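# Survey of secondary and tertiary structure
Read off the chains here:
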Amino acid sequence: MNRRIAVVGAGIMGLSSSLHLATSLRLDGVPATVEVFAETFSPHNTSDGAAGLWHPLPDSGRETDWAFATYDWLRFLMRKPIHGLIGISEFSGFRLVSQDLGQEDPIWKDRIPGFSFLTRNEIKKRGFPSDAAGFVYLAMMIQGNRYCQWLFDCVKRLEIKIHKQKVESFSQFVGQFDVVINCSGLGAISLCSDNEVEPVRGQIIKMEAPWIKQFIIYNGKHQKKAYVVPCVDYVAIGSTLQPGNWDRTVNPDDRKMILDMCYELEPSLKKARIVDEWVGLRPGRRSGTRVEIEAVSYKNGSIQVVHNYGHGSKGLTFHWGCAQEATRLAYQALGVVGRQKLADQLYGLIEFQSKM
């Protein structure tokens, strides 16, 4: 019996969930089709414009698991010749925090190459804010526009059917599909009547500064936050983190704030040329990311929905780990037992399809 799975959304969550699920089903020999339903596609989604620094957060259980599953996948891709073409790079850099907010001592420090705490002399020597404490480590960068386009190309090569349409209700899938993977982002406000979901506005500036080879993240007092992130084609600086703000236009006051903060962190940026400015609405959720299964009932019947939304600014950091989790839950809903997949197995199938 051929199973049908609908994926709602084609941002980084929808694309990675579609790709992971479709390759897993094929490797397990499960007859199934995966179809994607979305209004917008790369390069017009939030993930395409994001700065793209993979960065783990203070330990938070399964979120740490999602982050490191993604980290392992990105490091695997980093070893492939295509890594630059698809926007994957690796840089060491600095995570700083005002001492008034307390020094971080992350439990994941032994899992990251090149981790060490910064001494006071090192902070002074580099000209970082005098109130800062922090550490250096090796992190992955994902240039959203390149990476999301690659994911989209992989989805098409796997012959996953694409439907350009807005999904108004999961009821349209009842009787036609076995499972829905809900990666609708802000669309979950209406699709799921989830009032916890809200936009988190982010504004960044992209600069031509090829001499920048290390990232800097700084969390200061009074919600002062700034970062400098080198990507494949540009250096991204930012940012704003504005819950509940639906404004998609570039704000001059935010631009000035970002430039002032980042010039302080990295004075050499004053000679860099601005090549683009971007505003995106991250799909936040006040009670946290939702990755779980739910049986949803309508007048015309019910359907199993695997929710995968509400990642806020952590989408690039969590995406592959959440795709793995969504696949596990989809298998549960389908009553299918699968094998754990290694990255080279998944990538091997994708690469094989690209040569056909």
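Residues numbered from 1 in each chain as written. Predicted model: local features only at pLDDT ≥ 70, side-chain atom pairs only at ≥ 80, totals over all residues. Heavy atoms only, no water.

## Some points on the packing of aromatic side chains
In the structure shown here, the tally under the stated rule is 20 aromatic pairs. Both rings, one in Phe135 and one in Tyr137, keep their centres 5.7 Å apart while their planes meet at 50°; by these two values the pair is tilted. Classification of Phe135 as buried rests on a relative accessible area of 1%. Summarising the aromatic geometry, the rings of Tyr147 and Trp150 are spaced 5.9 Å apart at their centres and angled 35° between planes, so their arrangement reads as tilted. Of the two residues, Tyr147 and Trp150 both sit in helix α5 (residues 144-157), 3 residues apart, roughly one turn of that helix. Comparing Tyr147 with Trp150, the two get one shared label, buried. (Phe/Tyr/Trp six-rings, centres within 6.5 Å; stacked < 30°, edge-to-face > 60°. Buried < 20%, exposed > 50% of the residue type's maximum accessible area, 1.4 Å probe, protein only. Helix = DSSP H or I, 4+ residues; strand = E, 2+ residues; numbered from the N terminus.)

## Some points on helix α7 (residues 252-265)
With 14 residues, α7 should reach 20 Å at 1.5 Å per residue; the first-to-last C-alpha distance of 20 Å fits that figure. Asp254, Ile258, Leu259, Met261, Cys262 and Leu265 are the residues of α7 that are buried. Buried residues along α7 sit in contact with β8 (197-208), β9 (215-219), β10 (225-230), β11 (235-238), β12 (242-243) and β13 (273-285). Two or three places before Asp253, at the start of α7, stands the capping residue Asn251, its side-chain oxygen 2.8 Å from that residue's backbone nitrogen. (Expected span 1.5 Å × (residues − 1). Contact = heavy atoms within 4.5 Å. Polar contact = N/O pair within 3.5 Å; in protein donor to acceptor, adjacent residues only side chain to side chain.)

## What about the nonpolar core?
Looking at soluble globular proteins, one finds that nonpolar side chains tend to be buried together. Grouped together as the largest cluster of nonpolar side chains are 75 residues, with contacts concentrated most on Trp54, Trp73, Tyr147, Trp150 and Ile181. Top element by residues in this core is helix α8 (residues 315-334). It accounts for 9 residues. Beyond its immediate stretch of four places on either side in the chain, Trp73 contacts Tyr147, Trp150, His319, Trp320, Ala343 and Tyr347. Within the second largest apolar cluster, 24 residues are counted, among which are Ile205, Met207, Leu265 and Ala272. (Core = buried A, V, L, I, M, F, W, Y, C linked by side-chain atoms within 4.5 Å.)

## A few points about α8
Maximum bend of α8: about 35°, positioned at Gly321. Counting buried positions over the 20 residues of α8 gives 16, a clear majority of the element. Once α8 finishes, Gly335 follows within two positions and takes phi at roughly 75°, a positive value. (Bend = angle between axes of the 7 residues up to and from the residue.)

## Examining the packing of helix α1 (residues 12-27) against α8
Helix-helix packing is described using two parameters, namely the angle between the two axes and the distance between the axes. Interhelical geometry of α1 versus α8 gives an angle of 45° and a closest axis separation of 8 Å. One way to sum up the angle between α1 and α8 is to call them oblique. Viewed along their axes, α1 and α8 form a crossing whose handedness is right-handed. Where α1 abuts α8, its residues Ile12, Met13, Ser16, Ser17, Leu19, His20, Leu21, Ser24 and Leu25 lie against Gly315, Leu316, Phe318, His319, Trp320, Cys322, Ala323, Gln324, Ala326, Thr327, Ala330 and Tyr331. Among the residues making up the contact of α1 with α8, the classes are represented as 13 nonpolar, 8 polar and no charged. (Axes fitted to C-alpha atoms, helices over the stretch in contact; angles between N-to-C directions. Parallel < 35°, antiparallel > 145°, perpendicular 65-115°, else oblique. Left-handed = near helix turned anticlockwise from the far one by under 90°. Nonpolar A, V, L, I, M, F, W, Y, C, P; charged D, E, K, R; others polar.)

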